[in-house]
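Fold and contact review
So you can see what is in the structure, the chains are spelled out below.
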Amino acid sequence: MIFADKLITLRKKAGWSQEELAEKLNVTRQSVSKWEGAQSVPDIDKILQLSCLFGVTTDYLLKDEQAEPEYTEDDTSPLPRVTLAAALCVVSPIPLLALGALSEAGLFGIWDDLAGGIGLIALLVIIAAAVAIFMQCSASVRAYEFLQKQAIETEYGVTGLAKERRDAFAPQYDKANILGTVLCVLSAVPVFAAMMVGASFLVSASICLVLALVACGVYAFVRVGTVRDAMDQLLEEGDYTRPNKAIKSRINALTAAYWLVVVAIFLWYTFGPNGNGQPQYSWFIWAIAGVMYAALVIAVKAFMKKNR
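Residues numbered from 1 in each chain as written. Predicted model: local features only at pLDDT ≥ 70, side-chain atom pairs only at ≥ 80, totals over all residues. Heavy atoms only, no water.

Let's shift gears to helix α1 (residues 3–14). With 12 residues, α1 should reach 16 Å at 1.5 Å per residue; the first-to-last C-alpha distance of 16 Å fits that figure. What α1 keeps buried is the set F3, A4, K6, L7, L10 and R11. All buried residues of α1 lie within an arc of 160° about the axis, which places them on one face of the element. Facing away from the buried side of α1, by more than 90 degrees, are the exposed residues K12 and K13. Where the residues of α1 are buried, they touch α2 (18–25), α3 (29–36), α4 (44–54) and α5 (58–62). Just past α1, the residue G15 takes up positive phi, approximately 80°. (Helix = DSSP H or I, 4+ residues; strand = E, 2+ residues; numbered from the N terminus. Expected span 1.5 Å × (residues − 1). Buried < 20%, exposed > 50% of the residue type's maximum accessible area, 1.4 Å probe, protein only. Arc of directions from axis to C-beta. Contact = heavy atoms within 4.5 Å.)

Written as structure tokens, this is what we have:
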């Protein structure tokens, strides 16, 4: 099957007219008509755009002997799962805090030990689910890990196309970041409101609401940040310049070690020899750890760049 026939098939399958396809490619309808009439073939830049539009490989478009389409994308994209896992990590303490608040208020006959036990189990189950999702997503993109670690040379036209798509994605990226920032800033409002009332039950409930709002903000950040990072990886820009790739591998190792230490501190503080055995009161450890982690990463990056 020649390119012209493949283009006609893909266009009709997508339900587009020649005019609509021409508009998406920023060309004239006559150009599309000539391609479909086998009077001419598009340049490599348009071939890459067609590949992205229809979700098929460039090999399928260019090789006449390849009659069956080879798709580059499917419905199992890891992006929605990554954002869900990130949000789960944030909301994981909510059952623990909620049950602790119910126990303290004497509601539903829940006593402290039962609330702490069930809440901690729920926290660990949610964290385990998030970790499992992260690991599954990591495995699905393992073939592209070299983009984060190695210097790459893109084919002709790929850089321009990637920059074009990044520019088109910029408004969505900015809106999601604004939304995430607003949610994170407003997340403190419920706590201040509960403190004015003075009821400890409402304070615990407000902390649950804080985590829910922060989780929504994190979801917005991660969803667009993952897409932007993918484009930066391909272009070797932002955090993925060649010098930064050398730093990133060390940051990843530091991250794993850091959060293991945080978990150990949480468990020792709560259940250690001098602990109160009530993890609903140890939530502040995670908040402090999150702020310190951001500061630590910034400091390490600055130190490594200075000594490079």
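There is more to say after this.
The next thing to look at is a nonpolar patch on the surface. Together, I178, V182, L186 and V189 make up a nonpolar patch on the protein surface, roughly 350 Å² of accessible area in all. By the secondary structure assignment, V182 is in helix α10 (residues 158–186). (Patch = residues over 30% accessible without salt bridge, like charges linked within 9 Å, V, L, I, M, F, W, Y side chains within 5 Å. Areas by Shrake-Rupley, 256 points an atom, 1.4 Å probe, with all protein chains shown as cover. Salt bridge = Lys/Arg side-chain N within 4 Å of Asp/Glu carboxyl O.)

On to the packing of aromatic side chains, then. One pass over the full model with this rule turns up five aromatic pairs. Judged by centre distance (6.5 Å) and plane angle (50°), the rings of F169 and Y173 are tilted. A residue pair is termed a helical-turn pair when its members lie 3 or 4 positions apart in one helix, as F169 and Y173 do in helix α10 at four residues. With a relative accessible area of 21%, Y173 lands in the partly exposed category. Cluster of aromatic residues (ring-pair linked, three or more members): Y258, W259 and Y293. Note that K6 overlies the ring of Y60, its terminal NZ or CZ placed 4.6 Å from the centroid. (Phe/Tyr/Trp six-rings, centres within 6.5 Å; stacked < 30°, edge-to-face > 60°. Lys NZ or Arg CZ within 6 Å of the ring centre and 35° of its normal.)

Okay, the state of the cysteines next. Tallied over the full model, the rule gives zero disulfides. Here C184 stays unpaired: no disulfide links it, and the sulfur of C216, its closest cysteine neighbor, is 9.6 Å away. The class for C184 is partly exposed, based on a relative accessible area of 29%. (Disulfide = S-S within 2.5 Å.)

With that settled, the discussion passes to the packing of α2 against α4. Contact geometry of α2 with α4 gives a least axis separation of 10 Å together with a crossing angle of 115°. With respect to α4, the element α2 is oriented roughly perpendicular. α4 is crossed by α2, and the crossing has right-handed handedness. Along the contact surface, α2 presents L21, K24 and L25, while α4 presents K46, Q49, L50, L53 and F54. Across the contact of α2 with α4, the residue classes break down as five nonpolar, one polar and two charged. (Axes fitted to C-alpha atoms, helices over the stretch in contact; angles between N-to-C directions. Parallel < 35°, antiparallel > 145°, perpendicular 65-115°, else oblique. Left-handed = near helix turned anticlockwise from the far one by under 90°. Nonpolar A, V, L, I, M, F, W, Y, C, P; charged D, E, K, R; others polar.)

The next point concerns the pattern of salt bridges. Applying the stated criterion to the full structure yields five salt bridges. A salt bridge links D232 to R166, with the shortest nitrogen-to-oxygen separation between them at 3.2 Å. With D232 in helix α12 (residues 200–235) and R166 in helix α10, the pair connects residues that are 66 residues apart, well separated along the chain. In this structure, D232 engages R228 in a salt bridge whose closest nitrogen and oxygen atoms are separated by 3.9 Å.

Let us now look at the nonpolar core. Core analysis: the biggest nonpolar cluster contains 14 residues, and F3, L7, L21, L50, F54 and L61 have the highest contact counts within it. Sorting the residues of this core by element identifies α1, α2, α3, α4 and α5 as the ones contributing at least two each. With residues near it in sequence (within four places) discarded, L7 still touches L21, W35, E36, L50 and F54. (Core = buried A, V, L, I, M, F, W, Y, C linked by side-chain atoms within 4.5 Å.)

Attention now goes to the confidence of the model for the protein chain. Averaged over every residue, the pLDDT of the protein chain is 80; the share at 70 or more is 87%. When pLDDT is averaged over each element of the protein chain, α3 comes out on top at 91 and helix α9 (residues 146–149) at the bottom at 69. (pLDDT = per-residue confidence, 0-100.)

In this section: unusual backbone geometry. Phi at A38 is positive, roughly 60°, even though this residue is not glycine. Take A38: it is sitting in the loop between α3 and α4.

So, on to the environment of G290. Tracing the backbone through its elements, the reader meets G290 in helix α14 (residues 284–306). The partly exposed category is assigned to G290, whose relative accessible area is 30%. Residues G290 and V262, 28 residues apart in the sequence, show an inter-C-alpha distance of 9.6 Å.

With that settled, consider the side chain of R166. Overall, R166 belongs to the buried group, its relative accessible area being 13%. Dropping the residues within four chain positions of it, R166 is found in contact with R228, M231, D232, L235 and E237.

Moving on, we come to the environment of R228. Relative to the assigned elements, R228 resides in helix α12. Accessibility expressed as a relative area gives 23% for R228, which makes it partly exposed. As a C-alpha pair, R228 and R165 span 63 residues in sequence and 9.9 Å in three-dimensional space. Not counting chain neighbours up to four residues away, the residues in contact with R228 comprise R166, F169 and Y173.

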